[in-house]
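# What the coordinates show
Listed below are the residues making up each chain.
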Amino acid sequence: MVTVRVDGLRARYGGKLALDGINLRMGAGIHGLLGPNGAGKTTLMRTLATVARPSEGSVELLGHDTAQQDGRKRARRRLGYLPQTFGYYPGFTVAEFVEYMAWLKEMPKDRVPEAVERAIERVGLVDRAGSKLKKLSGGMLRRAGIAQAIVNDPELLLLDEPTAGLDPEQRVEFRGLLRDIGSTNTVVVSTHLVEDVAIACDEVTLFDGGKLIFRGTPNELAELGTFGADDARGGDTTLERGYTAALRAYRERAVA
Amino acid sequence: MTARVLWHEIRRSGLPLWITPLLLLVSGLVFIQTLLRTGGQRLEWATSIFYDMTPMVVLASTLALVVAAWRAGRERRRGVAELIESTPRASSQRALLSWISVAIWPVVSCLPAVVAFGSLSREAVSGPPLFGILAAGLATVVAYAALGFAVGTFVPGRFTAPVAGVVSFVVTIALGPRVPHGLLSVVPQPTYGTIATNRSSVGLWDRPVWWFAPAAALWFAALAVALLVVATARRRLLTIVPSALAVLLAIPLAQTQVWRIDTASPSLNCSDGSVRVCVPNEVGVAPNAVATSTKPVRTRLDDLPTVAPLGVVDSTSASAYVWPQNCRSYPERIRCSSPRPSTAGEKLAERVSGWQCSSSSSPGTPMYTSPAPRLERGVRDWLLGRTGDSASEIARYLATLPDNERHEWLSRYLLAAERCDVSAVAGLRVS
Ligand SMILES: Nc1ncnc2c1ncn2[C@@H]1O[C@H](COP(=O)(O)OP(=O)(O)O)[C@@H](O)[C@H]1O
Ligand SMILES: [Mg+2]
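How each quantity is defined
- Residues numbered from 1 in each chain as written.
- Chains lettered and ligands numbered in written order.
- Predicted model: local features only at pLDDT ≥ 70, side-chain atom pairs only at ≥ 80, totals over all residues.
- Heavy atoms only, no water.
- Helix = DSSP H or I, 4+ residues; strand = E, 2+ residues; numbered from the N terminus.
- Buried < 20%, exposed > 50% of the residue type's maximum accessible area, 1.4 Å probe, protein only.
- Contact = heavy atoms within 4.5 Å.
- Areas by Shrake-Rupley, 256 points an atom, 1.4 Å probe, with all protein chains shown as cover.
- Pairing = 2+ DSSP bridges.
- Axes fitted to C-alpha atoms, helices over the stretch in contact; angles between N-to-C directions.
- Near = heavy atom within 4 Å.
- Polar contact = N/O pair within 3.5 Å; in protein donor to acceptor, adjacent residues only side chain to side chain.
- Buried area = accessible area lost by both parts, 1.4 Å probe.
- Lys, Arg positive; Asp, Glu negative; His and termini not counted.
- Salt bridge = Lys/Arg side-chain N within 4 Å of Asp/Glu carboxyl O.
- Donors = N, O, S within 2.8 Å, 3.2 Å for Na, K, Ca; no water.
- Disulfide = S-S within 2.5 Å.

Right, let's get into the overall build of chain B. Scanning chain B from terminus to terminus reveals 16 helices and five strands. Counting the 431 residues in chain B, one finds 49% classified as buried. Put simply, 72% of the contacts in chain B that link residues at least 6 apart link residues at least 24 apart. As presented, chain B carries roughly 19900 Å² of accessible surface, and 63% of it is formed by carbon and sulfur atoms.

A separate point is unusual backbone geometry. Its identity as a non-glycine residue notwithstanding, Thr 50 of chain A has a phi of 65 degrees, on the positive side. Along the polypeptide, Thr 50 of chain A turns up in the loop between helix H1 (41-48) and strand E4 (56-61). We note that Cys 420 of chain B has phi near 60 degrees; this positive angle belongs to a residue other than glycine. Mapping Cys 420 of chain B onto the fold places it in the segment after helix H16 (403-419). The exposure class of Cys 420 of chain B is partly exposed, given its relative accessible area of 29%.

Our next topic: the sheet that holds strand E9 (residues 203-208) of chain A. All names here are of chain A. With mixed pairing, six strands are arranged side by side in an open sheet as E6-E7-E8-E3-E9-E10. Looking at the sheet topology across the chains shown, the edges are occupied by strand E6 (79-82) and strand E10 (211-216). For this sheet, the mean angle separating the axes of adjacent strands, direction not counted, is 15 degrees. Note: strand E3 (residues 29-34) against strand E8 (residues 186-191), six bridges, orientation parallel. Opposite Gly 32, over in E8, you have Val 189 as the bridge partner. Where helix H9 (residues 238-255) meets the sheet, its contacts fall on E3, E9 and E10, and the angle it forms with E9 comes to roughly 40 degrees.

Moving on, we come to the site of ligand 1. Residue and element names in this part refer to chain A. Around ligand 1 lies a shell formed by Tyr 13, Lys 16, Ala 18, Pro 36, Asn 37, Gly 38, Ala 39, Gly 40, Lys 41, Thr 42 and Thr 43. Contact between ligand 1 and Thr 42: an oxygen atom at 2.7 Å from a side-chain N or O atom of the residue. Here Thr 43 contributes a side-chain N or O atom positioned 2.5 Å from an oxygen atom of ligand 1. In isolation ligand 1 exposes 560 Å². Once the protein is present, 61% of that is buried. Listed by contribution, the elements that provide at least two residues to the shell around ligand 1 are strand E2 (16-27) and H1. At three residues, the largest contribution of residues to the shell around ligand 1 is made by H1.

Turning next to the interface of chain A and chain B. Where interface size is given, it is often the accessible area lost as the parts come together that is meant. Contacts between the two partners involve 33 residues from chain A, matched on the other side by 26 residues from chain B. For the pair chain A and chain B, the summed buried area comes to about 2800 Å², and 61% of that belongs to carbon and sulfur atoms. For chain A, the biggest contributors to the area lost against chain B are Tyr 89, Trp 103 and Leu 104 of chain A; these three give 27% of the whole. Seen at the junction of chain A and chain B, the total is twelve residue pairs in polar contact (both at pLDDT 80 or more). At the level of elements, helix H2 (69-77), E6 and helix H3 (94-104) of chain A are the ones that each hand at least two residues to the side of chain A that touches chain B.

Residue and element names in this part refer to chain A. By secondary structure assignment, the location of Glu 161 is in the loop between strand E7 (156-160) and helix H6 (168-182). Notably, Glu 161 is buried but unbridged: the nearest opposite-charge side chain belongs to Lys 41, and the N-O separation is 4.6 Å. Apart from residues lying up to four places away in sequence, Glu 161 is in contact with Lys 41, Gln 84, Arg 142, Ser 190, Thr 191 and His 192.

What follows is about the coordination of the magnesium ion (ligand 2). Residues and elements named next belong to chain A. Here the magnesium ion (ligand 2) is held by Thr 42 (OG1) and Gln 84 (OE1), and the distances to it run 2.0 to 2.3 Å. Taken together, the residues Thr 42 in helix H1 and Gln 84 in the loop between E6 and H3 connect sequence positions 42 residues apart. Residue Thr 42 is classed as partly exposed on the basis of its relative accessible area, which comes to 25%.

Attention now goes to the state of the cysteines. Residue and element names in this part refer to chain B. Tallying each qualifying case throughout the model produces one disulfide over all chains. A sulfur-sulfur distance of 2.0 Å marks the disulfide that ties Cys 357 to Cys 420. Taking the sign of the S-S torsion, about 100 degrees here, the bridge from Cys 357 to Cys 420 comes out right-handed. Here the residue Cys 357 occupies a position in the loop between helix H13 (344-353) and helix H14 (373-383), and Cys 420 occupies one in the segment after H16, the gap between them amounting to 63 residues.

Here it is in structure tokens:
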């Protein structure tokens, strides 16, 4: 089932195009958005989160047209979002903040206490549930951010650079969580770290300069790198080499 | 659910900590003003509520404005705006919740002051306390909190809150009294001597009409709602026009004097009996108690029909006495000495024996000087029945006179005193 349907999407900041003619279909599973800094990943995430309006094109989420106010409202109830820069109220405890977000997401109130508890448990913050957010380390804050994103069991979960600030052990746990959610729901994860994608994602979408330049499985991306296996500039892993090769090929084509 | 979230907001807004000293400041100030400064003396309630409530309202309102302006910029300051944008909850609901959680503290900081006023009201001189005015004062604070929230929403910078606080404070303090009908004057104030002039030193406090305080409170509440709508509405510019109209409504409310003064309040409340003793309504003392206390004096005055009774209500009820209040005005307040019913007889004797001279203030007031003090004291003592051995010579002399001679003597004296004609008593025998 298609949960995200993007057609002819263009996003502008002033006169500058941050996304240029994107067409996308996504269904259940884990989708990685990959690309260098400034490629347009965050812009796409913000558009999918209904925070930014497209300059052109249409975005349909979970069957709702986000150009309509009513459609946006309905989609938002079933959405989870972790922005790249996660703002929070420092005086709130983890549990209070997650509960506050559950209220903002208009969850039925009888489901909230259990959902809050479960979300905090899933990110492994049970022993810090009563701690104020300002007392948490960077990694814990990210996990609190993920907890608020998943509290409503979102059918569409958008995570912008979620692994930034997590240590290796936490990353492993986080991937487990992603697989758990991604088995039934649509998860979109943006990252500039190729290894995140390699291990966790079912599908990779590669962006550069606001354009979609590659779509496929991690294996398909890795295959692109097998041709220049002895070219050390491409990276250490096949996936990294595939990533570099895809970018290089696209840029050469663009110049030509 | 909403209540739980509101509770988190109230507890975690970081305000309770630094609100404590402010709470103590606002309430402590009013406590000192209203309770300690009275020093056991009775205060004109209406006056003290005005002078002491004004600093309370100004302080608490400024505080409300500042914290609300600060809170309104929170989402942007904390970088949470984007996350919130992605949720379905109407932004007005969220804003309202966060506004309530900050507006509640300035209001709470006024509560001890309200208690102070309440305890003072037991000593009310000018009639029953006007708790409606307190409600209007609290509504003012709430409106300022809404104003701060609107300002903070439109200008979400870090400096908005402190600048708005300073500006508001300076404007209210410095310009407030200079603007004759400033915003604060929407809150009812005592106006001296406008209606009472035709009954000198009787009605000090022109009570506002009963509905004025509720109307003022309602207006401030409406203003608060209008400002909150401006702050939270999706199309803000559209909401500005109706809000501006709501604000402009204050002009007739503040400027129309007749809106505030209850012309019925100085009316009299009279005792039973052929000779009626009347007490102005706003004094709130039972006229029968005054009638009892003044009875001996009135009996002695009974056979003196030429004397115009003091403070006649109107020309047709010449037998009504008005019980005067004895008040002194100071630069900053008016203080009334105990107008207890038990002293009413003495007051009446003082008034009746006193001289109505335009060059000095009226008898019974501190500035009064008698042109014939010995005679005056004698008449007063006789009216009060103080004719024993220790009494003044004239009082004893009057007691010994036969009724018809005394009648003639007193008639001459009282007529002279009423006309301030000292030469008319020059030939009066005093022993
Ligand atoms: N608020 C903004 N104003 C102007 N330009 C922006 C803004 N946000 C992003 N951009 C530009 O849009 C492009 C895409 O940025 P972004 O989506 O953040 O990329 P990524 O997340 O892939 O690093 C970049 O060239 C960036 O400079
Ligand atoms: Mg980004």
